[in-house]
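Listed below are the residues making up each chain.
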Amino acid sequence: MTNQEIAKLLSNIAAVYQLKGEDRFRMMAYEKAAESIRGLTQEVSDLWKDGKLTTIPGVGPSLASHIDELLRTGKVKHFEQVLKDIPASVFPLLEVPGLGIKRAFKLVSEFHLNDPKTVVAKLLAVAKAGKIASMEGYGEKSQQVIIEALGRFKKGQIKENRMPLPYAYTMAEEIITYLKKCPHTIHALPLGSLRRMVATIGDVDVAVSTNHPKDVTEWFTKYPKSVNVVETGEGGASILLSNGRQVDMRVIVPRQYGAMLQYFTGSKNHNIKLRELALKKGYSLNEYGIKPVGKTQNSSRSDRDKTQNYNSKLKIYEFSTEEAFYHALGLPWVPPELREDRGEIEVGLTGKLPQLIEQQDIRGDFHIHSNYPIQPSHDLGSSSVMEILKEAQRQGYEYIGISDHNPSVGNHSKKQIIDILKRRRSKFEQIIASTKSVRVKLFVMIEADILPDGILSIPDEGTNYLDGMIVSIHSVFSMSKEKMTERVLKGFSHPKAKILAHPTGRILGKREGYELDWNKIFAFCKKNNKALEINAYPERLDLSDKMAQEAIKAGVKMAIDTDSHAAEQLALMRYGVAVARRGWLTKGDVINTMEYNEVKKWLNNS
DNA sequence: GCCGTTTTCGGCCCGACTGTTTTCAGTCG
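Along each chain, residue indices are assigned from 1 in the same order as the chain's sequence is written. Starting at A for chains and at 1 for ligands, labels are handed out in the order in which the entities are written. Two thresholds apply to this predicted model, a pLDDT of at least 70 for residue-level local features and 80 or more for giving and counting side-chain atom pairs, whereas whole-chain, interface and lining totals are computed over all residues. Only hydrogens and water are removed before side-chain values are computed, so all heavy atoms of the structure are retained for them.

S.K.: Whenever I open this one, the packing of helix H1 (residues 3-20) against helix H2 (residues 24-38) confuses me. Can you help?
M.R.: Think of two packed helices as two axes; the pair is described by the angle between the axes and how far apart they sit. Viewed as axis vectors pointing N to C, H1 and H2 meet at an angle of 165°, and their least axial separation amounts to 8 Å. Between H1 and H2, the angle falls in the class roughly antiparallel. Of the two elements, H1 crosses H2, and the hand of that crossing is left-handed. In contact with Asn3, Gln4, Ile6, Ala7, Lys8, Leu10, Ser11, Ile13, Ala14, Tyr17 and Gln18 of H1, H2 contributes Arg26, Met27, Tyr30, Glu31, Ala33, Ala34, Ile37 and Arg38. Basically, the charged four are Asp, Glu, Lys and Arg, the nonpolar ten are Ala, Val, Leu, Ile, Met, Phe, Trp, Tyr, Cys and Pro, and anything else, Gly included, counts as polar. Looking at the contact of H1 with H2, its residues break down into eleven nonpolar, four polar and four charged. Between N-to-C directions, angles span 0 to 180 degrees; the directions come from axes that are lines fitted to C-alpha atoms, helices contributing only their stretch in contact. A run of H or I in DSSP counts as a helix once it spans at least four residues, and a run of E counts as a strand once it spans at least two, with each numbered from the N terminus. For classification purposes, angles smaller than 35 degrees are called roughly parallel, those larger than 145 roughly antiparallel, those between 65 and 115 roughly perpendicular, and all remaining angles oblique. Take the far helix as the reference: if the near one is turned anticlockwise from it by less than a right angle, the crossing is left-handed, and if turned clockwise, right-handed. Note on contacts: a residue pair qualifies if any of its non-hydrogen atoms lie within 4.5 Å across the two residues.

S.K.: Whenever I open this one, the sheet that holds strand S6 (residues 236-241) confuses me. Can you help?
M.R.: Two strands in a sheet stick together by hydrogen bonds in their backbones, pointing the same way (parallel) or opposite ways (antiparallel). Think of it this way: DSSP has to see at least two bridges between two strands before they count as a pair. Taken in spatial order, the five strands line up as S2-S4-S7-S6-S5 in an open sheet, and their pairing is mixed. Every other strand in the sheet has two partners, leaving strand S2 (187-190) and strand S5 (226-233) as the edge strands with one partner each. When the angles between neighbouring strand axes are averaged without regard to direction, this sheet yields 20°. Running at roughly 165° to strand S7 (residues 246-252), helix H12 (residues 213-221) makes contact with strand S4 (204-209), S5, S6 and S7 of the sheet.

S.K.: Is there a simple way to think about H12 in this case?
M.R.: Every α-helix winds through 3.6 residues per turn, so residues three or four apart in the chain are directed the same way. Where H12 is concerned, the buried positions are Val216, Thr217 and Phe220. The arc that holds the buried residues of H12, viewed along the axis, is 100°, so those residues lie on one side. Think of it in three bands: with a 1.4 Å probe and only protein chains considered, a residue is buried below 20% of the maximum accessible area for its type, exposed above 50%, and partly exposed in between. Each direction from the helix axis to a C-beta atom contributes to the arc, which is the arc of those directions.

S.K.: What is the right way to read the packing of H2 against helix H4 (residues 61-73) from this model?
M.R.: Contact geometry of H2 with H4 gives a least axis separation of 11 Å together with a crossing angle of 60°. Taken together, the axis directions place H2 and H4 in an arrangement best described as oblique. Regarding H2 and H4, the two cross each other, and that crossing is right-handed. Packed against H2, whose contacting residues are Ala29, Tyr30, Ala33 and Ile37, the element H4 presents Leu63, His66 and Ile67 at the interface. Of the residues belonging to the contact of H2 with H4, the class tally is six nonpolar, one polar and no charged.

S.K.: For this particular structure, what's the right way to read the pairing of S7?
M.R.: Burial runs high along S7: five of the seven residues are buried. Sheet topology note: the S4/S7 ladder contains six bridges and is parallel. Across the sheet, aspartate 205 pairs through a bridge with aspartate 248, a residue of S7. Examined bridge by bridge, S6 and S7 share five bridges and lie antiparallel to one another. Across the sheet, isoleucine 239 pairs through a bridge with valine 247, a residue of S7. With antiparallel pairing between neighbouring strands as the criterion, S6 and S7 make up a hairpin whose turn holds four residues, including glycine 244 at a positive phi of roughly 85°.

S.K.: What exactly am I supposed to notice about empty space enclosed by the protein here?
M.R.: Think of a ball as big as a water molecule: rolled over the atoms, this probe shows where empty space is left. Note on definitions: the grid is 1 Å and covers protein atoms alone; a cavity is a set of points where a 1.4 Å probe fits but cannot get out; a pocket is an open set with protein on both sides within 12 Å along at least five of seven lines; lining residues have an atom within 4 Å of a point. Grid points are joined across faces, edges and corners, and a volume is the space filled by probe spheres set on the points. Counting across every chain of the model gives one cavity of 30 Å³ or more. Reported here for the largest cavity is a volume of approximately 30 Å³. Those elements that place two or more of their residues in the lining of the largest cavity are helix H13 (257-265) and helix H14 (268-280). No other element matches the three residues that H14 contributes to the lining of the largest cavity. Classifying every residue of the lining of the largest cavity gives three nonpolar, two polar and one charged.

Written out as structure tokens, the structure reads:
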């Protein structure tokens, strides 16, 4: 049983508790556990085998015993009891936007829709026949909303389709540049998952601080790429862009800007944890500031510091910056990338948040494809080595690695491959020697396929013409975890193989990654001084933030690479750095923050 | 049902929006 299936089951139980309305807090406990399992990096079944279920946040003795029963027998008596009177057909409806358990149950009961397989189609028919509007608590409007939501659901749009981070980031960047041209804009920043640099983004939200909200809102609605103003009001506006995406802008006066940024940056779980912390200190948090609640506590240092920001009319402390907001709660400013409730608040309270890696710490990029005619098994890059070197210089790099794919194995003999690599090396050396204007150092590398049997696609003799190798999986993705781990470790064992590229092979929105025994991979990397890659290419962002965090906990070094196929793609580095920051990485965890000479030693295993 | 910088008992995040309401229920982030 997968984590997602277990989480789904717990969510369904939570929904039923909510429906029954008996115990709100038990409902929340189930939901919290489900959420926690959804975001887990380990398999629940592995934890179960090790007897460590209660180490999952939100899982205590009771849930642990239910999960144990589930994994042993495939069912849970208690859950069956809870679900006894609930038609299974309500659960598919929970995926439909706008429907919760109460409405789903009411609709299913009213129209006797008991088959989970047909419930969506049948409910749609009932709605179109106008039978919902006459029910108590419903009207024409809600009937229409249900029809539209069900229609979208049938088309497979369960959730809003999320876009890769770089796509959303570029959109937001353009809009913020535009907003900053408005003379009344004081500050402007993205909000939500975009500000936290999550790998995929649902909505683009931005915040603007200004003393003239109306003028800024009007300016925003005139954004050149806007095709429609969806709504506009006191707090901001929403526009629809020609690419079909909606952008929301919120405006706020400068003295409340900090609180608003904090509130809408989230994540939800970070904010929940923060509010719990605030409550213990006698405060309640909202988007406008910090509000004293209940019995006044004896005045602490931070209370006095806040006094000057107290708005007696609103009975609230106001904050123009996030820094001040966090400080008022006894915390250092928490970088947005960390705000996922993965321990950042607890660690923050001890004052020991990590000094996260920054873009300017990066001194090079190892994974770049050039247009050198290597006759590869996969795609060639589109820029020449010289163009790439010049771009690298613009980025301020000390060194790069050109890592073209290996010559295709099917179309070349071993000898031919060796000859190609030999010629390539002398050509690259010639290029370097021929120019004085480029100071960026070049590592002659290859991205070598690890073939299904674990053999590398480069004959041993060919590696003499390389400074180092990136290795990766590009074929036969469906292997068992054990076999795949064996394959990777065998290929990665070659002394010249130093980086495992895009380690899970995932393609966002298209392909799940293959499974590996990460404990073995991590231990191997640490022992043999090899690195795992954070691949910054938009559809990859692989390793993920969570896995990168696990890796460095295990003492593994990372390399952040762009996998560029054109010189201008070197700029994708920022997204790799974002993943690294979300994984709590510091400069010291990343190979390509090292100086050239150190990298050279590392590549030579010396 | 979980959990511990006031707690092993007694708490558990907060507010907006929408549609249907004339004081609220449901859903969402």
